[in-house]
Amino acid sequence: MTDAMKKRLFGVGAVTVALAALGVIAYSNLGDSIVYYLSPTQLLEKADAQDAVVRLGGMVVPGSYKWDQDTQVLEFDLSDTEQQVHVVNAGNPPQMFREGIGAVVEGKLQADGTFHSSKVMVKHDNQYQAPKGHETEGVYANPTLDGESS
Amino acid sequence: MNPFSISMLGRGLVLIALLLATTGSFAGYLAGSRRDRRAWLYARNAAYGFSASMIGANLLMIYALVTKDFSVKYVTQVGSLATPPLISVVSLWSSLEGSILFWGGILGVYVALTVWSLGEKHKEFAPWALHVLLAISVFFAFLIASVADPFHYVPNPPMDGPGPNPLLQNHWLMAVHPPMLYLGYVGMSVPFSLICAALLAGRFESGWMGPVRNWMLIPWTFLSFGIMLGGWWSYAVLGWGGAWAWDPVENASFHPWLTGTAFLHSAMVLQRRGRMRDWTLVLGMATFLLTLLGTFMTRSGVFNSVHSFTQSSIGPVFLVFIAVVFLYSVLLLAFRSHLLDEEAEQVAQSIGTRGGGGGRSILSREIAIAVQNVLFAMFAFTVLLGTLFPLIVEWTQGRQLSVGEPYFDRWGLPLGLGITFMMGVGPALPWGRHDPAAATRRLGPAVVVGIVFAGFWGALGYTKPFTLLALFTIGFALWANLHEFVEPVWARMKARQEPMHLAMSRVFVRARRRFGGHTAHYGVLFAVFALALTKGYRAEKDFTMTVGETVDFDSYQVTYAGYENVDEGFRTAEVANFHVVRNGREVGTFGPRMNHYPTQMQPIVTPAIHERPTGDLYFSLIDIGTNNGGQKVVVRMIHQPYQMWLWFSAPIIALGTLISLWPERERGRSASRSPAPHVVAGSAK
């Protein structure tokens, strides 16, 4: 092994170790920034769901939408066709919010079974389409784009 | 099918491009390995031919879009009879197939410019560069010819189409943001090819580093512009009143910017001191790989993002290509870089030193750049981890999650401030020397200026600790860079009795590339300044207002004057008008609106912004109350202090690039070297 190769091996080794260390630190740092996506069924299945902030995705049930413009509180039901959860959102709906669309809310499940959220995100899409079943995938606007309520 | 239909012609051009890229890449290989002049000439002509047919295919698609030829599949996806011609042109990049075609067209432009700029120079490297660049072109031509075929023939053309995504036709910035970003992304294939060429040729004398660095600088500048315009678009269109949200697709453009910036600096160390060579090569290659990853992230629909409005089957194909490029890069570095060592050894013997002479010293510029490089690499790595983490978890555990802003902020803040600080330290330190007294003499005043600068803003009421820290680093870096210009000008004026303008222009001409770099630093400082203040002092509130009602927000009194309907032909809009008064003085009327496009169900909300140097007042409609006769409107008002300064950053960076790249006059090269005369530049001078 030549000197140059030893040097290079040492360099590659050092960079790998540094990256690994950084990876571990960054990973342990992710903790409280991680928010899980759940469907209403998954949310109700989880017994401990009340403790954590989660994102709940589903379809806004037609007829369930209530918005008080003066108190700026929004209420609606989110459904994945099997289960549905009543959502109380402290804040106004985002621009494209309406019944029948796919939406994601971020918040906590309360002991009384309602979901208190502080953020609503809606699906941005060319064509209108209702989400199917458990599907929480798709094209959601970034949380801060539409949803943030102060 | 009509043999002269646009579909046929378009497909023909794409297939010709594919053929030319394939044979040209092969010819480049022959020309490189056997020094075959005929092969070289063929490779060059094939490259020009590839460019011409790719650009031709793009023009053809634009023609089809403008004339609304619905026998072309892509036109049926994004065209509509109601779309105005200019927006038809823009819709070339409004959806997947078109944007890949556009990508190919820009690649064509870069290929032609690369061949042209290499000319008959750099004979050892040029064929290899073409070999790699055209191999990349093969992939994109193949993509356009197969999975992302925009020219697909529609046998029964529809009468009309849906028109482009309304978010894209809602603002003029959409006409410039994607092309800028593409010019940045696609252009990174050129420095990658040039780096591969050095490894393939087994040589890396410093004459080659010049073109490599310049070819990195050009797409890097476009990338800077593209990122900034993307932020501006988000701010002016999306209505949440911010420019950056750590969205995966935003991050995708940020990764290559970080590694590219690191490369531009470490390449200087390589040129001057012959150090950090492999690291620099890795950064250059990683930058290209990260642009590919970015395209994959944007275009494959794996991320939930406002950008991924198309989901498609090109994801897996792209992933394979990324894997191939990655393997190729690793193998090339593993098996070829020892050749560069041998070359460096010979050069070192011939000039009697190793690596440019001089020992290691803590307070030298190369060490400052090494520190800066580590910070940049850490930044890129942590952002990449946060961006990819949700994907990794979904693939391995089947759970969906997202990584929020707190993670990115927690890393971005210290690293960003560290980088800003190093931006002041680097230029103040000499190459290869350790001179604590000089360093103190230069950096001491900068520290004082930083403290005074932070104190000034603190006195204005901006007293949050991290804002003050950011302002300190800005003041520090600003002075440290300015000083590098002011001091020699002052010295000339004193020593030679020159008038100021003459001294300034002479100092400037002597070290133009350096001052280009400093100018880019000023641009970045503008961005850091705006980000520090908007991040710390943004104010936002939702108001429910009836006609005639007045509310206080920030230092403004805002009155709702009612709403009106506007018909603009291709869209209609409801505009709510707000009268704004500040300190008893009339400011104006602002009309945030809801735009309705005939082919779209959902209205698009467009904010109205009152822009001032000290801060923006931003209106975004939440509900116009059409169901209660417009009596009650719900509007979000946001105050973004010093937002405007962010938009200045990219033009200033571009100015710096222009200063650096402006062709030198004959006399130039030796005079533009570092003013420290004893520094012998580079390992292979």
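Residues numbered from 1 in each chain as written. Chains lettered and ligands numbered in written order. Predicted model: local features only at pLDDT ≥ 70, side-chain atom pairs only at ≥ 80, totals over all residues.

**Brief notes about the overall build of chain B**
Logical step 1: A count of helical and extended segments in chain B gives 21 helices and 11 strands.
Logical step 2: What you see for chain B is a C-alpha radius of gyration of 27 Å, in line with the 26 Å of a compact globule of 685 residues.
Logical step 3: Taken over 685 residues, chain B has a buried fraction of 52%.
Logical step 4: Long-range pairs, those at least 24 residues apart, make up 73% of the contacts in chain B between residues at least 6 apart in sequence. (Helix = DSSP H or I, 4+ residues; strand = E, 2+ residues; numbered from the N terminus. Rg over C-alpha atoms; globule rule 2.2 N^0.38 Å. Buried ≥ 20, exposed ≤ 12 C-beta atoms within 10 Å, placed from the backbone. Contact = placed C-beta atoms within 7 Å.)

**Concerning the overall build of chain A**
Logical step 1: Secondary structure assignment for chain A yields three helices and seven strands.
Logical step 2: When the helices and strands of chain A are placed in sequence order, the string is α-β-α-β-β-β-β-β-β-α.
Logical step 3: Of all 150 residues assigned to chain A, the portion counted as buried reaches 37%.
Logical step 4: Put simply, of all contacts in chain A between residues at least 6 apart along the chain, 51% involve residues at least 24 apart.

**Quick word on helix α9 (residues 189–201) of chain B**
All names here are of chain B.
Logical step 1: For α9, with 13 residues, the first-to-last C-alpha span of 18 Å sits near the 18 Å given by 1.5 Å per residue.
Logical step 2: Of all the 13 residues making up α9, 13 are buried; the element is thus mostly covered by neighbouring parts of the structure.
Logical step 3: Of the residues one or two after α9, Gly202 is the one with positive phi, at around 70°. (Expected span 1.5 Å × (residues − 1).)

**Things to note about the pairing of strand β6 (residues 102–109) of chain A**
All names here are of chain A.
Logical step 1: Of all eight residues that make up β6, seven are buried, and the element is covered over most of its length.
Logical step 2: Two elements, strand β2 (residues 54–60) and β6, share six bridges in a ladder whose sense is antiparallel. Each residue of the ladder has a partner; that of Leu56, found in β6, is Val105.
Logical step 3: Counted between consecutive antiparallel strands, the loop separating β6 from strand β7 (residues 115–122) contains five residues, among which Gly113 sits at a positive phi close to 90°. (Pairing = 2+ DSSP bridges.)

**Let's talk about the sheet that holds strand β9 (residues 608–610) of chain B**
All names here are of chain B.
Logical step 1: A sheet is described by the order of its strands in space; here four strands give the open sequence β2-β11-β10-β9, paired in antiparallel fashion. Two strands lie at the open edges of the sheet, namely β2 (539–546) and β9, each paired on one side alone. Here the strands of the sheet are splayed against their neighbours by 25° on average, with no regard to which way each runs.
Logical step 2: Sheet analysis places β9 next to strand β10 (residues 615–623), joined by three bridges and oriented antiparallel. (Axes fitted to C-alpha atoms, helices over the stretch in contact; angles between N-to-C directions.)

**Details of the packing of helix α14 (residues 365–397) of chain B against helix α15 (residues 405–428) of chain B**
All names here are of chain B.
Logical step 1: In the contact formed by α14 and α15, the axes pass within 10 Å of each other and the chain directions differ by 165°. In terms of orientation, α14 and α15 fall into the roughly antiparallel class. For the crossing formed where α14 meets α15, the hand is left-handed. Here Arg365, Ala368, Ile369, Val371, Gln372, Leu375, Phe376, Met378, Phe379, Thr382, Val383 and Gly386 of α14 come into contact with α15, specifically with Tyr407, Phe408, Trp411, Leu415, Gly418, Ile419, Met422, Val425 and Gly426.
Logical step 2: Per-class residue counts for the contact of α14 with α15 are 15 nonpolar, five polar and one charged. (Parallel < 35°, antiparallel > 145°, perpendicular 65-115°, else oblique. Left-handed = near helix turned anticlockwise from the far one by under 90°. Nonpolar A, V, L, I, M, F, W, Y, C, P; charged D, E, K, R; others polar.)

**A short note on the environment of His116 of chain A**
Residue and element names in this part refer to chain A.
Logical step 1: Counting through the fold element by element, His116 comes out in strand β7.
Logical step 2: Look at His116 and you get partly exposed, because 14 C-beta atoms sit within 10 Å.
Logical step 3: The sequence separation of His116 and Val61 amounts to 55 residues, and the corresponding C-alpha distance is 17 Å.
Logical step 4: Not counting residues up to four positions away in its chain, the partners in contact with His116 are Val88, Gly107, Lys108 and Gln110.

**Focus: the environment of Lys535 of chain B**
Residues and elements named next belong to chain B.
Logical step 1: As for its placement among the helices and strands, Lys535 is situated in helix α19 (residues 512–537).
Logical step 2: Accessibility expressed as a C-beta count within 10 Å gives 18 for Lys535, which makes it partly exposed.
Logical step 3: Linking Lys535 and Leu661, residues 126 residues apart in sequence, is a C-alpha distance of 34 Å.

**A short note on the pairing of strand β4 (residues 556–567) of chain B**
All names here are of chain B.
Logical step 1: Alignment of strand β3 (residues 550–553) against β4, held across four bridges, turns out to be antiparallel. Residue pairing in the sheet places Val551 in a bridge with Val558 of β4.
Logical step 2: Linkage of β3 to β4, two consecutive antiparallel strands, is achieved through a turn of two residues, within which Asp554 is found at a positive phi near 55°.
Logical step 3: Strand direction decides the pairing type here: β4 and strand β5 (residues 572–582), joined by 10 bridges, are antiparallel. When the sheet's bridge partners are listed, Asn565 is paired in β5 with Glu574.
Logical step 4: Between the end of β4 and the start of β5, which pair antiparallel, lie four residues, with Gly569 showing a positive phi angle near 85°.

**Focus on the environment of Gln95 of chain A**
Residue and element names in this part refer to chain A.
Logical step 1: With respect to the helices, strands and loops of the structure, Gln95 is situated in the loop between β5 (84–90) and β6.
Logical step 2: We classify Gln95 as buried; it has 24 C-beta atoms within 10 Å.
Logical step 3: The spatial distance from the C-alpha of Gln95 to the C-alpha of Met121 is 9.6 Å, given a sequence separation of 26 residues.

**Side note on the confidence of the model for chain B**
All names here are of chain B.
Logical step 1: Taken residue by residue, chain B gives an average pLDDT of 87. The fraction at 70 or more is 91%.
Logical step 2: Ignoring residues within four places in sequence, the model shows residues 305–310, a span with pLDDT below 50, making 23 contacts including any to other chains.
Logical step 3: Across residues 353–358, where pLDDT falls below 50, the model places 16 contacts with residues more than four positions away in sequence or in other chains.
Logical step 4: Confidence estimates for the predicted assembly give a pTM of 0.89 and an ipTM of 0.73. (pLDDT = per-residue confidence, 0-100.)

**What to know about the packing of helix α1 (residues 6–34) of chain B against helix α6 (residues 126–145) of chain B**
The packing of two helices is summarised by the inter-axis angle and the distance between the axes.
Residues and elements named next belong to chain B.
Logical step 1: One can describe the packing of α1 onto α6 by two numbers: an axis separation of 7 Å at closest approach and a directional angle of 155°. Classified by the angle their axes make, α1 and α6 are roughly antiparallel. As for the relative orientation of α1 and α6, their crossing is left-handed in sense. Facing Val14, Leu15, Ala17, Leu18, Ala21, Thr22, Gly24, Ser25, Gly28, Tyr29, Ala31 and Gly32 of α1, the residues of α6 in contact are Pro127, Trp128, Leu130, His131, Leu134, Ala135, Ser137, Val138, Ala141, Phe142, Ile144 and Ala145.
Logical step 2: Of the residues assigned to the contact of α1 with α6, the class counts are 17 nonpolar, seven polar and no charged.

**Here we look at the nonpolar core**
Nonpolar side chains in soluble globular proteins tend to be buried together.
Logical step 1: If you look at the biggest cluster of nonpolar residues, it comprises 198 residues, and the most contacted ones within it are Ala129 and Ala197 of chain B.
Logical step 2: Setting aside residues up to four positions removed in sequence, Ala129 of chain B forms contacts with Leu118, Ser193, Leu194 and Ala197 of chain B.
Logical step 3: In this structure, Met59, Leu74, Val87 and Val105 of chain A belong to the second largest nonpolar core, which totals 21 residues. (Core = buried A, V, L, I, M, F, W, Y, C linked by C-beta atoms within 7 Å.)

**Details of the confidence of the model for chain A**
Logical step 1: This prediction gives chain A a mean pLDDT of 74; 77% of its residues lie at or above 70.
Logical step 2: Every residue in residues 125–150 of chain A scores below 50 in pLDDT, and together they form 72 contacts with partners more than four places removed in sequence or on other chains.

**With respect to unusual backbone geometry**
Note: most residues except glycine have negative phi, and most peptide bonds are trans.
All names here are of chain B.
Logical step 1: At Gln497, a position not held by glycine, the phi torsion is positive, near 55°.
Logical step 2: The backbone of Asn583 shows a phi angle near 50°, a positive value even though the residue is not glycine.
Logical step 3: Take Asn583: it is sitting in the loop between β5 and β6 (585–590).
Logical step 4: Looking at Asn583, the number of C-beta atoms within 10 Å reads 8, which means it is exposed.

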